[in-house]
Amino acid sequence: MRATPWFIAATTAAVLTIASSHAAAPKFYPDDPLPREPETQDASGAANSDVDLFSDLLINLFMKPGDVTPGVRAGNINTIDEVPDSSWFTNRIGTVPLSAADISRGANVGQGPAPGRWTVIGAKMSGAAPGFRVKDSKGEVWFLSLDVKRAPRAATGAIAVASRLYWALGYHQVESYLASFRPGDLDIPETTLFETRPGHSRPMSPDDIDEVLSHSARNADGSYRVMAARLIPGRIVGGFRYHGTRPDDPNDIVPHEHRRELRALQVFGAWTNFVDMKALNTIDTVIEENGRHVVRHYLQDVGSMFGTGAYEPHDWDQGHEYLYEGGPTWRRLVTAGFYLLPWQTKPFYEHPELGRIEAKGFDPDHWKPMATNAALRQARADDTFWAALRVAAFSEEMIRAAVREARYADPDAEVMLTRILMERRQVILRTYLPRITPLTSFALTSTGRMTFENAAVKYGVAAAPAGYRAAWFNFDNTTQTATAIGESASASADGIDPPAGWRDVQPGAYVKISIHAVDPSRPDWAKPIDLFFRRTATGWQLVGVERTMP
Amino acid sequence: MASRRNICVVAVLGAVSFCLARPCVAQESRAAEIGAKQSEKAQQLKPYQPNVVEKVLLRLEEGRLNPPPITVSFDTVYSGGGLTGNVLYRRHYGDRSNWYGRAAYSVKHYKLVEVGTTVPDLGRKRRLTFSTNIGWRDATEVGFWGLGMATTEADRANYRFREAYGEARADYRAAPWLPVSVGVTFEGYELFSGEGRGPSIEDVYTPATAPGLGDSPDFVHSDIRAAIDTRPPGEYTRKGGEYSLGLHHYQDVDGGTYSFSRLEAGAVQHIPVIRETWVLSMRARLRSTIGGESQVPYFLLPTLGGGSSLRAYSSWRFRDRHAADANLEWRWIPNRAALDMAVFFDAGQVADEFNALRPNRFATAVGVGVRLHARQFMVMRMDVAHGSAGWHLTISNKVPF
């Protein structure tokens, strides 16, 4: 067949179209690294979708929902290996300056319930703790939860502390205020209904309130201490699962098991003993932000933490075993119970206001919530390293500030919980910081000297290595090819100078530096971190961090 | 013609190049790249759809939270009746009150129909529960081996009874740990020849060896029971104890021949060992007929045997005016949420005189059990026990004690 001009022109156009489309995908875009995850679509169509406790529990215990491919890098991180702000997460501790006062305040940007009479508008619909919903004298809606009689201040204290720590860690938290009331302060309008059994409601009576209060801890002056949680803004559309995406949220494109802030809950959960980590303890709400509806995700019920649940201290195995694990179950069965796990013999701290939490032998690698989830299963060493850096950023003063907000009656409780969290923090750092090449805070000066920190050494959980070695490259962002410049070495983490062939470049050009630590006793630290810097008009900007997994 | 072919070629190439290029559409920024993916998803939005497993589990959960008015269960008609099917119709009223109708039929042709109502949460502090029921049951082959301990398996005879009953009961918790129960029941009995394998009772026994044989008395049975109960709420537990005392009086309304009273005392204690790695569970019971003159009909004598007392023996295996038994279980817990194992030792004796109760005369049984349970109730218990009469298997949905 003779090639016609039409055919030649069309073929050429097609080849150019394909080639140009591929060639036009650089490694780094001008807006890298993203400080905030874009949410470009309107999510007003997201509908309420309640997560069922029973099926969520069984699915997570006996199946492996979500992506089971091992070793998948987190999908919501930006090019410098950080989690951008989003409707899931806001960078706070370790990223922006926070004071102890900031942590004391936490998510609470307003005031607690207005003084005066409160109008009961219904029973409490979520969480295990006894309570009800009220409107304060200004008409604002609050969810009140009480402590059970045998554990005064335990459940409300745990919420007070945990909500502040998780706010500082970056999660959306409900505004929660400790308050107190007397039964006589409550009004019950005839329109308030009380569900006595599924499908049957009747007007609430004072006896219904008395029934709740009869099981609740009462203060010495006859009042009741409550944790008052402000109604979350927006339209509630259920909770989020720790796998997959919401099919009705156009902006939710990263499977939840690949969201780093959810994988990081393996570390944060271990630190705070967040054993009741389940979809039912989350809330999604549709809010309007910058003229567009987006779905905001809350870790909503963080009360079952440290050593206590809503009703009683944690069981000894909580934090150590899932509700069902085949291996230990069979071993205990055939050994008549003589197959013992550490939780059965290790010492525990016990305190009426704190519940029960292990004293020694905390092992975050083996910490387990009651049921695991896909995000925890997918956590990689770079995710846990990222999380450990945030735990490291908590000073003792900050932790004490959060604990003080529990207003425990016994000063020893405050001291003990602070000490527990500090001890567990130290174990977290010792476990997760040295697991990969623990370098952070990279910067490239105009002279070409690269500075960085060794986080494991900085926080005293590893000895300084013998030195560091770096390979330097010119990097073509368009073709994504690296051309060697040379290698250099340094004996300390103060910085590392460029090799002899180093020349400054024009703005818009890139360099790649592969750096690793030299320490024969830590082979994992020989895995390089690839760093990418972009020359700007004023200096060098870090645009890429790629850690090699052990 | 050529022109048309050229147009086709161009169109095909254009389409192919568009398709190949589309996944890599160049974006100007990372934000645009993410935005394009979100835009693509926006075209495919749909509500959350549970998968097949979730649908099944949701259906089960819905059934648990909102049980249908008619349910099927395996509750027994009368101990020893064998596998029993129950149809229960329950209808709620008021806050948490309900009335129900129940019909049951077992493989041994035991039958029961019953209607009743339960009204909980009465009183200022909602600590009073009132319940009442009327019913009729037919137990076709209840075993009788004679009185006392000196009986053998070969002594078995059967009797059949039909009972019409009506009960009113009040349960009150003076404190969470102090339950008190008071009840009055009309019990009208009709006794018949026993069915099933083995002789009928009148062929083997006489009124001297089976008190009341040949009579069908009616009773007004009143009882009161109080306990100190430190166990957590629910039937299944691994800690706490219950110490109870009860008094029963049976008034024979047909002349008083068979009127009698009985004292019942019980103690249950669960002792967790090393953080509930093991649990030592113990029970001791005494049932004693008050006064030596009263006649207690054979079918109302205290008994031992069955799935919750001497587990190596059949239900009703031992009968007499006084009964004492003890159970010791060493439980280990392969899974704290759902699975217990147990080795157990049962011992007990019946006697015609209280003073004749002697531990060295106790019949004994040893065994091993598997229990599937939920947080507060037993799902299924399977105990295999061995005693002088051989092996015995118990399958139940109740805790042994």
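Residues numbered from 1 in each chain as written. Chains lettered and ligands numbered in written order. Predicted model: local features only at pLDDT ≥ 70, side-chain atom pairs only at ≥ 80, totals over all residues.

(A) Local environment of the overall build of chain B. The secondary structure content of chain B amounts to four helices and 18 strands. For 401 residues, the compact-globule formula gives about 21 Å, and the C-alpha radius of gyration of chain B, at 32 Å, lies well above that figure. The dimensions of chain B, computed from C-alpha atoms along their principal axes, are 120 × 50 × 45 Å. Across the 401 residues that make up chain B, the buried fraction comes to 27%. Long-range contacts, defined here as pairs at least 24 residues apart, represent 53% of the contacts in chain B between residues at least 6 apart. (Helix = DSSP H or I, 4+ residues; strand = E, 2+ residues; numbered from the N terminus. Rg over C-alpha atoms; globule rule 2.2 N^0.38 Å. Buried ≥ 20, exposed ≤ 12 C-beta atoms within 10 Å, placed from the backbone. Contact = placed C-beta atoms within 7 Å.)

(B) Representation of the sheet that holds strand E20 (residues 540–547) of chain A within the structure. All names here are of chain A. Across the sheet, which stays open at both edges, the five strands sit in the order E17-E16-E18-E19-E20 with antiparallel pairing between neighbours. Across the chains shown, the open sheet's two edge strands, defined by having one partner strand only, are strand E17 (481–490) and E20. Neighbour to neighbour, the strand axes of the sheet diverge by 25° on average, direction disregarded. As paired elements, strand E16 (residues 467–476) and E17 share nine bridges and run antiparallel to each other. Its bridge partner lying in E17, Arg469 is registered against Ala489. (Pairing = 2+ DSSP bridges. Axes fitted to C-alpha atoms, helices over the stretch in contact; angles between N-to-C directions.)

(C) Region of interest: the confidence of the model for chain A. Chain-level statistics for chain A give a pLDDT mean of 93 and a share of 95% at 70 or above. pLDDT under 50 marks residues 15–22 of chain A. Its contacts with residues more than four places away, or in other chains, come to ten contacts. (pLDDT = per-residue confidence, 0-100.)

(D) Expanded view of the sheet that holds strand E9 (residues 235–236) of chain A. All names here are of chain A. If you trace the three strands from one edge of the open sheet to the other, you get E9-E10-E11, paired in antiparallel fashion. Whereas interior strands pair on both sides, the edge strands pair on one side only; in this sheet they are E9 and strand E11 (292–299). In the sheet, strand E10 (residues 282–289) pairs with E11 via eight bridges, with the strands oriented antiparallel. Note that in E11 the partner of Ile287 across the bridge is Val294.

(E) Spotlight on the domain arrangement of chain A. Residue and element names in this part refer to chain A. Its domain assignment divides chain A into domain 1 (35–435) and domain 2 (436–547). Taking only C-alpha atoms into account, the centre of domain 1 sits 38 Å from that of domain 2. Contact residues are listed per partner, giving 13 residues for domain 1 and 15 residues for domain 2. Among the elements that line the side of domain 1 that touches domain 2, the one with the most residues is helix H10 (residues 381–392), at five residues. Grouping the constituent residues of the side of domain 1 that touches domain 2 by class yields eight nonpolar, one polar and four charged. (Domains from an automatic or database assignment. Nonpolar A, V, L, I, M, F, W, Y, C, P; charged D, E, K, R; others polar.)

(F) Looking closely at helix H12 (residues 411–432) of chain A. All names here are of chain A. Taking 1.5 Å per residue, 22 residues should reach 32 Å; H12 reaches 32 Å between its end C-alpha atoms and fits that length. Looking only at H12, the buried set comprises Ala413, Glu414, Met416, Leu417, Ile420, Leu421, Arg424, Arg425, Ile428, Leu429 and Tyr432. Here the buried face of H12 lies against helix H4 (154–169), helix H7 (265–272), strand E12 (348–351), strand E13 (355–358), H10 and helix H11 (396–404). (Expected span 1.5 Å × (residues − 1).)

(G) Highlighting the environment of Thr69 of chain A. Residues and elements named next belong to chain A. Structurally, Thr69 is set in the loop between helix H2 (53–62) and helix H3 (100–105). Given 9 C-beta atoms within a 10 Å radius, Thr69 is considered exposed. Note: C-alpha distance between Thr69 and Gln378 (309 residues apart in sequence) is 8.4 Å.

(H) Inspection of the confidence of the model for chain B at higher detail. All names here are of chain B. Of all residues in chain B, 94% attain a pLDDT of 70 or more, and the chain-wide mean is 92. Note on residues 15–24: pLDDT under 50 across the span, and eleven contacts to partners over four residues away in sequence or across chains. On the interface metric, ipTM, the complex scores 0.91, and its pTM is 0.90.

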